[in-house]
Amino acid sequence: MLDIQLLRSNIEEVAARLAARGYTLEADAFNSLEAERKSLQTRMQDLQSQRNSSSKQIGIAKKNGEDVSAIMAQVASLGDELKAAEDAFAAVQSRLDNWLLTIPNLPHESVPAGEDESGNVEVRRWGTPRSFDFDIKDHVDVGAPLGLDFETGAKLSGARFTVLRADIARLHRALAQFMLNTHTEQHGYSETYTPYIVNSDVLYGTGQLPKFAEDMFRVERGGEAAAQAQYLISTSEITMTNMVRESVLKHDELPLKFTAHSPCFRSEAGAYGRDTRGLIRQHQFDKVEMVQIAHPDHSFAALDEMVGHAEVILQQLGLPYRVMALCSGDMGFGAHKTFDLEVWLPAQNTYREISSCSNMGDFQARRMMARFKDADGKNRYVHTLNGSGLAVGRTLVAVLENYQNADGSVTIPEVLRPYMGGRDKIGG
RNA sequence: GGAAGCGUGGCCGAGUGGUUUAAGGCAGCGGUCUUGAAAACCGCCGAAGGUGUGAGCCUUCCGUGAGUUCGAAUCUCACCGCUUCCGCCA
C-alpha cells in the first residue's frame, strides 16, 4: 500500500512513476473521493465531539441531582444525525481503502524503464554453459527413467501435478535440504516451519489479495460453512513476512532473517498453454524461501546480500546463471526493486527464472502494520524483502539437464552427495 | 465433539453504566546524586487518524463485529482466539 500522504501531496509524481509500470492512476477520482472523505470526516468528528460533551454534562448533572431533561432534549436529534454521518464516512473510507489496496508499489529510481521482460537488464553472469558431445535431452526425458512421473501425477490430481519417485524424489529432497542447511548455517537465516493454509487477512498483508485471488487455491473445511475464507500459500513469503504483522519491533533486533522449505500452490490461472511440458510450471512445487525484515536504511544492502545468498546455491551446484534487474513493467505488484536469477537450461538453450529477490520497501509493512521503534523512539514501518533460494523443482530441472550423461545417467553435484548416500550419479 | 473459565497499552495488572482524561507496577527514556555503576529520588512515557504555519485542538481504539443507551472497557448477541478438564487422535 502506498502512503496516502504521498497521494494527497504529490499525486502527479506518483501517477508518473506508476505509469512506468503500465499502471494508470486515476488522479481525478482520487482527488474527489479524498475531498469527500475530508468533509465527511470533519463533520462526523464534530458531531462525535458534541455528543461526548453533552453526555458528560448529563453525567455531571445527574450526579448533582439536577434536572437533565433540557440537555436530553438537545441531544435527542443528535443520534440519528451522527449515525448517518458515520455511515457516510465509513462508506467513503472503505472505497478509498479498497482502492488503495489495488495500487501497485512505486518502482525504485534505479529500476530500468521497460514494458515487459524484454526490458530487463542483465547485471552479471556466472559460469560457462557446458558443451555436450552427444544429443541432449530435456529434463522430462532425462527424468522419466529415473522416477519423474507426470502420468501418475495427472491421474491423481490433473495437469500440472507430478509424482516423483525413487532417485528423483531423493534428489529433490537433497536439493531442499542442501539449500536450507546453507541458508541457516552460512547465511544467518532462522529456520522456520509455517502453516500452508492462511487467513485472508494475511494475503492482504503481502499483497496477493484483493487483486490476485484467481491465482490462489481457496480451501474449505468439511462440514460447516467457512467463517472466513482460507487459502493455500503460494509461497512461504506470505507466512514468514506476516509473522511480524501488527507488531512493533525493537530497532536493534533488525534485521530478522527467516528461511523455510515449503510447498507452494498456484492456480496458474493466466498461464494456459504456457510451459505445459515438464516441471517448470506446476500447481504444486517446493521452494526454499528467504525473508528479511529490515531497517529502511539497510534494505537495499539486504537485497544485494539476499541475491548473493541465492547465487551461492547455484554456484555450489555448479549451475551457470545470470542476474537480471527487472524493468518497471515486469516487476511484481508489491515490488520496489527486483533481481531475478535465471539458470541455464541447455535443452531450451536459454536462461530460465529460478529465483526472484525483491525489496518490497514499506509496501507490505504498511498493509500489515509492521513497525519498529527507531533509535529516536519513533515508530516507523519496516522494510520487507523476500527471495527464492531457490525454487526446488526448477533447480531439479536444471540439475537433470546440466548434469546429464550420454548413458542416461545424471551426475550428482558434489555438494549434494552427502544427501544422496554418498553416490556420485543416479541412473545409467 | 462436550464442559468450564478467560481476552485491558511493549509486559503484568486494577477497573462491572457517567469528571476513566484506563489506576498501579515492570520495562524504556531524560535528569538529580556518584570517580563510575547500582540503589534512591524527580520527570517523561500506548497506537492510528483528522485539522492547523505553529503551540495546540479534535476523533477513534480495552480480542473482532453488531446491538442497547444521552453515555459502554463495563450490559446483550454472534464470531475469533487462549487456558483447563473430558472424549477422540498422528
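Residues numbered from 1 in each chain as written. Chains lettered and ligands numbered in written order. Predicted model: local features only at pLDDT ≥ 70, side-chain atom pairs only at ≥ 80, totals over all residues. Heavy atoms only, no water.

S.K.: Any chance you could explain the packing of aromatic side chains here in plain terms?
M.R.: For any pair of aromatic rings, the description rests on two quantities: the centre-to-centre distance and the angle between the ring planes. What the rule picks out here adds up to seven aromatic pairs. Geometrically, the ring pair formed by Phe333 and Phe363 is edge-to-face, given 5.5 Å between the ring centres and 80° between the ring planes. Of this pair, Phe333 sits in the loop between β11 (321–325) and β12 (337–345) while Phe363 sits in helix α11 (residues 363–368); the two residues are 30 residues apart in sequence, bridging distant segments of the chain. Residue classification places Phe333 among the buried residues on the basis of a relative accessible area of 13%. Here Lys257 stacks its cationic end above the ring of Tyr189, 4.9 Å away from the centre of that ring. (Phe/Tyr/Trp six-rings, centres within 6.5 Å; stacked < 30°, edge-to-face > 60°. Helix = DSSP H or I, 4+ residues; strand = E, 2+ residues; numbered from the N terminus. Buried < 20%, exposed > 50% of the residue type's maximum accessible area, 1.4 Å probe, protein only. Lys NZ or Arg CZ within 6 Å of the ring centre and 35° of its normal.)

S.K.: Would you take a moment to explain the pattern of salt bridges for this structure?
M.R.: Close approach of charged atoms allows side chains of opposite charge to pair. Following the criterion strictly, the structure yields 23 salt bridges and no others. Taking the shortest distance from any N to any O, the salt bridge between Glu246 and Arg245 comes out at 3.1 Å. One salt bridge connects Arg281 with Asp275, and the closest N-O pair in it is separated by 2.9 Å. Given a relative accessible area of 13%, Arg281 falls into the buried group. Several salt bridges share partner residues, and in doing so they unite Glu122, Arg125, Arg322 and Glu342 into one network. (Salt bridge = Lys/Arg side-chain N within 4 Å of Asp/Glu carboxyl O.)

S.K.: How should the protein's contact with RNA strand B be read in this particular structure?
M.R.: For RNA strand B, the set of nearby residues contains 21 residues, the closest of which are Arg8, Lys38, Gln48, Arg51 and Ser55. For RNA strand B, the backbone makes up 74% of the atoms found within 4 Å of the protein, where backbone means sugar plus phosphate. Taking Lys38, its side chain carries an N or O atom lying 3.5 Å from a phosphate oxygen of RNA strand B. Arg51 has a polar side-chain atom sitting 2.6 Å from a phosphate oxygen of RNA strand B. Those elements giving two or more residues to the surface near RNA strand B turn out to be α1 (4–19), α2 (27–63), α3 (69–76) and β14 (370–373). The greatest single-element share of the surface near RNA strand B, amounting to 13 residues, is contributed by α2. (Near = heavy atom within 4 Å. Polar contact = N/O pair within 3.5 Å; in protein donor to acceptor, adjacent residues only side chain to side chain.)

S.K.: Explain the UniProt feature "binding site: ATP" (unreviewed entry) in chain A here, please?
M.R.: According to UniProt, the feature "binding site: ATP" (unreviewed entry) maps to Arg266, Ser267, Glu268, Glu353, Ile354, Ser355 and Ser356 in the numbering used here. Examined against the element boundaries, Glu353 turns out to sit in strand β13 (residues 350–359). Discounting residues that sit within four places of it in the chain, Glu353 has contacts with Asp340, Leu341, Glu342 and Arg394. Following the sequence through the fold, Ser355 ends up in strand β13. The exposure class assigned to Ser355 is buried, which follows from its relative accessible area of 0%. With residues near it in sequence (within four places) discarded, Ser355 still touches Ala310, Phe339, Asp340, Leu341, Ser388 and Leu390. (UniProt positions renumbered as here; feature names shortened; annotations may be inferred. Contact = heavy atoms within 4.5 Å.)

S.K.: Just to check I follow, could you spell out the sheet that holds strand β6 (residues 218–219) for this structure?
M.R.: The strands making up a sheet are joined through hydrogen bonds of the backbone, oriented either antiparallel or parallel. With respect to topology, three strands assemble into an open sheet ordered β5-β7-β6, the strand pairing being antiparallel. One side of each edge strand has no neighbouring strand; the edge strands of this open sheet are β5 (197–199) and β6. Bridge count between β5 and strand β7 (residues 230–232): three bridges; the pairing is antiparallel. What sits directly across from Val198, in β7, is Tyr231. (Pairing = 2+ DSSP bridges.)

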